[in-house]
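# Structural description and commentary
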Amino acid sequence: MLNRIVVMGRLVRDPELRTTQSGISVTSFTLAVDRDFKNRDSGEKSTDFIDVVAWRQTAEFVCKYFSKGRMAVAEGRLQIRDWKDREGNNRRSAEVVADNVYFGDSKRDGGGDGYGSPPPYGAPASYGGGSQQPSYGSYAGHSEGPGFSEIDDQDGDLPF
């Protein structure tokens, strides 16, 4: 069986860190994800609002480095929850339980200077709950990681 999902969108509000009674960090946030096609009647793209939940170090990472309007990539599993509303009606919700959350834009795009904290790649392996090495390519549009530097587009010495 396979249950993996990757969504990329903008945070609709600042994430807030909460703690369970047993001291585990958790945050939930919503990503606004534009559809790839335009509505036939209005000619505009529709937007889906996808709920995401992150736990432990991933939750702390999201709350520390992400804010409303930032582009984020959430990778995890899709979870369907059944619950009852205040009137006792049965409801069903779908949400992404994120294993990893990566930057989908640069700090420059988000209004910062693009340098300094956080590191210019996705969540460190300790934040994703695995023994994977950090993925420098997961920081969309930039390769300014350790040992890398940005190249000028005017460099005529490139072999390609």
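Residues numbered from 1 in each chain as written. Predicted model: local features only at pLDDT ≥ 70, side-chain atom pairs only at ≥ 80, totals over all residues. Heavy atoms only, no water.

### A word on helix α1 (residues 56-65)
Residue pairs spaced three or four apart in an α-helix point in one direction, given the helix's 3.6 residues per turn. Taken together, the buried positions of α1 are Thr58, Ala59, Phe61, Val62 and Tyr65. Seen end-on, α1 carries its buried residues on one side only, within an arc spanning 160 degrees. (Buried < 20%, exposed > 50% of the residue type's maximum accessible area, 1.4 Å probe, protein only. Helix = DSSP H or I, 4+ residues; strand = E, 2+ residues; numbered from the N terminus. Arc of directions from axis to C-beta.)

### Thoughts on the side chain of Glu95
Mapped onto the elements of the fold, Glu95 is located in strand β6 (residues 90-103). Within the local environment of Glu95, its side chain forms a polar contact with the side chain of Arg81, the two groups lying 3.0 Å apart. With near-sequence residues (within four places) excluded, Glu95 lies in contact with Asp51, Val53, Arg77, Leu78, Gln79 and Arg81. (Polar contact = N/O pair within 3.5 Å; in protein donor to acceptor, adjacent residues only side chain to side chain. Contact = heavy atoms within 4.5 Å.)

### Quick word on the packing of aromatic side chains
Under the counting rule described, the total for this entry stands at four aromatic pairs. Geometrically, the ring pair formed by Phe61 and Phe103 is edge-to-face, given 5.7 Å between the ring centres and 65 degrees between the ring planes. On the criterion of sequence distance, the pair formed by Phe61 in helix α1 and Phe103 in strand β6 is long-range, its members being 42 residues apart. Side by side, Phe61 and Phe103 carry an identical accessibility label, which is buried. In textbook terms, an aromatic cluster arises when at least three aromatic residues are bridged by ring pairs, as seen for Phe61, Tyr65, Phe66 and Phe103. (Phe/Tyr/Trp six-rings, centres within 6.5 Å; stacked < 30°, edge-to-face > 60°.)

### Section: the environment of Val96
Along the polypeptide, Val96 turns up in strand β6. When its relative accessible area of 0% is taken as the criterion, Val96 is described as buried. Each C-alpha atom of the pair Val96 and Arg4 lies 9.3 Å from the other, and the pair is 92 residues apart in sequence.

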